[in-house]
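Observations on the model geometry
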Amino acid sequence: MSGFIPVNEPLLDGNERAYLAECIETGWISSEGPFVARLEEGMARLTGRAHGVAVTNGSEALELAVEILGIGPGDEVIIPAFTIISCAAPIVRRGAIPVVADADSRTWTMDVSALEALVTPRTRAIMAVHIYGLPVDMEPVLDFAARHGLSVIEDAAEAHGQMYRGRPCGSFGDVSVFSFYPNKHVTTGEGGMVLVDDDALASAGRSKRNLCFEPERRFVHRELGYNMRMSNLQAAVGVAQLERLPEFIARKRTMGERYTQLLADVPGLELPAAETSYAHNDYWVYGLVLADEVPADAREVMRRLAERGTGTRPFFYPMHLQPAFLERGLFAGVSCPVAERLGERGFYIPSGLALTDAQIERSAESVAGVMVELAGVR
Ligand SMILES: *Cc1c(COP(=O)(O)O)cnc(C)c1O
């Protein structure tokens, strides 16, 4: 009952060990092994996509998505301000310009009512990112993209098995992207995937992932690619994980609902929305936002929670405030008040699949304890 509660611990007690042993016994450990294709097929089936292209991680999957869509110098791509750097970096690296949309204060996903004001003649694409367990409102995003002739990248790194109006996340737009980092619903240790329906995008993705080797004469290259190949060892873990996805999602929902029960009456906290008109939260992580009257920011609350043995992570830090981008002259004068507030006042508490009910109760008690302490300060 004691000990530090880590913010994430994955659950690896299915067929992971058996499939890894199979890799070692057969000698298939590189990307040529059979588990890679099995994981690609499994993810394509999950999302109803024609093709999956497994890569080294979710950030590289976004690099590959931006690359195969041909986004280049001067193009503008609309992204949420409240997301991970992996969404913006591939755009900036190709000489294109990320344009940020603020977050919605209830769902923490991109505020779709803000999109129309961000379009210019140079807008080429929009990146829709599902955040912390709730999908972006995809219908308005798809309508908007169709109206302006934009490509759509769907970042479903946090949304394996999640549904939007009964359709799987990862099935929308031209290219969708997943991560298999250990805190994601399905992990391969490190790993990611690009999913597409278009055959030409799929073959471009496969070629770019593998250094653009020419089929007729290996080691001759007409284009420059990358080595983004996933190993059979990683894919073996992923195949075992994917077998249990429905169980994992059900567990995350139970965990999230339990946290909400335990924290509902604690003053000073904004809890995650249980549902929207288009989706039910699956609490990829259980996020909390400190109400404005709380006389501390997330950093201070996280410090106090660590003292009580509860692991946390801060929320994303907004893209338009990133020093790496400001130095490049991007986002001068841009303001996104909701994303800025989330970045200051948001954090998440232990949410990994290995978390026990007792640990959930202890984490919630720590949070309640810290909030009572802070209420005394006022
Ligand atoms: C985790 C994550 C990524 C990056 O994936 P990695 O595998 O860690 O590189 C990209 N986008 C979102 C929304 C994520 O949560």
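This text follows the structure it describes.
Predicted model only: the values in this text are computed from it and were never measured.

Conventions adopted
Residue positions are given per chain, counting from 1 as you read along its sequence in written order. Where local features are concerned, this predicted model is filtered to residues with pLDDT of at least 70; where side-chain atom pairs are given and counted, the filter is 80 or more; whole-chain, interface and lining totals use all residues. Note: side-chain values were computed over all heavy atoms of the structure, leaving out hydrogens and water. Numbering of helices and strands starts at the N terminus; helices are DSSP runs of H or I of at least 4 residues and strands are runs of E of at least 2. We compute the radius of gyration from the C-alpha atoms alone; for a globule the expected value is 2.2 Å times N to the 0.38, where N is the number of residues. We call a residue buried when its accessible area falls under 20% of the maximum for its residue type, exposed when it is over 50%, and partly exposed in between, using a 1.4 Å probe and counting protein chains only. We call two residues in contact when some of their heavy atoms are within 4.5 Å. The accessible surface values rely on the Shrake-Rupley method and a 1.4 Å probe; as for residues, cover is taken only from the protein chains in view. The positive count covers Lys and Arg only, the negative count covers Asp and Glu only, and His and the chain ends enter neither. The atoms used to mark charge sites are NZ of Lys, CZ of Arg, CG of Asp and CD of Glu. Between any two strands, at least two bridges found by DSSP are needed for them to pair. In this description, a line fitted to the C-alpha atoms serves as the axis of each element, helices being fitted only across the stretch in contact, and the angle between N-to-C directions of two axes falls anywhere from 0 to 180 degrees. Only heavy atoms are used to decide nearness, and a residue is near a molecule or strand if one of them lies within 4 Å of it. In protein, a polar contact means a hydrogen-donor-capable atom and an acceptor-capable atom, both N or O and within 3.5 Å, with residues adjacent in sequence counting only if both atoms are side-chain atoms; elsewhere, any N or O pair within 3.5 Å suffices. Put simply, Ala, Val, Leu, Ile, Met, Phe, Trp, Tyr, Cys and Pro go in the nonpolar bin, Asp, Glu, Lys and Arg in the charged bin, and everything else, Gly too, in the polar bin. For a helix, the expected span equals 1.5 Å multiplied by the number of residues minus one. It is the directions from the helix axis to the C-beta atoms whose arc is reported.

This paragraph deals with the overall build of the protein chain. For the protein chain, the count of helices and strands is twelve helices and 13 strands. In terms of C-alpha radius of gyration, the protein chain reaches 21 Å, essentially the compact-globule figure of 21 Å for 378 residues. Projected onto its principal axes, the C-alpha coordinates of the protein chain cover approximately 75 × 55 × 40 Å. For the protein chain, with 378 residues in total, the buried portion stands at 55%. Across the protein chain, every contact between residues at least 6 apart in sequence was considered, and the portion connecting residues at least 24 apart equals 72%. Put simply, the protein chain shows about 15800 Å² of open surface, and 53% of that area lies on carbon and sulfur atoms. On the protein chain, the mean spot of the 35 positive side-chain charges and the mean spot of the 50 negative ones are 3 Å from each other.

Moving on to the sheet that holds strand β9 (residues 192-196). Taking strand neighbours across the sheet as the criterion, the seven strands line up as β1-β9-β8-β5-β4-β2-β3 in an open arrangement whose pairing is mixed. Each of the sheet's edge strands pairs with one partner strand only, and the pair in question is β1 (51-55) and β3 (97-101). Neighbour to neighbour, the strand axes of the sheet diverge by 20 degrees on average, direction disregarded. Taken together, the three bridges between strand β5 (residues 151-155) and strand β8 (residues 175-179) define a ladder with parallel strand orientation. Across the sheet, the residue bridging to D155 is V177, located in β8.

Another point: the pairing of β1. The buried fraction of β1 is high, at five of five residues. Strand direction decides the pairing type here: β1 and β9, joined by five bridges, are antiparallel. By the bridge assignment for β9, A54 is matched with M193.

As a further point, take the site of the ligand. S59, D155, E158, S179 and K184 are the nearest of the 13 residues found near the ligand. A distance of 2.7 Å is found between a nitrogen atom of the ligand and a side-chain nitrogen or oxygen belonging to D155. Considered on its own, the ligand offers 380 Å² of accessible surface; in the complex 91% of this is hidden by protein. Take the shell around the ligand: its biggest share by element is three residues, from helix α3 (residues 58-68). Considered class by class, the residues forming the shell around the ligand number four nonpolar, six polar and three charged.

Over its 19 residues, helix α8 (residues 245-263) extends 27 Å from the first C-alpha to the last, a length consistent with the 27 Å expected when each residue adds 1.5 Å. All of the buried residues along α8 are L245, F248, I249, K252, M255, G256, Y259 and L263. What you see down the axis of α8 is that its buried residues fit within an arc of 125 degrees, all on one side. Turned more than 90 degrees off the buried face of α8, the exposed positions are P246 and Q261.

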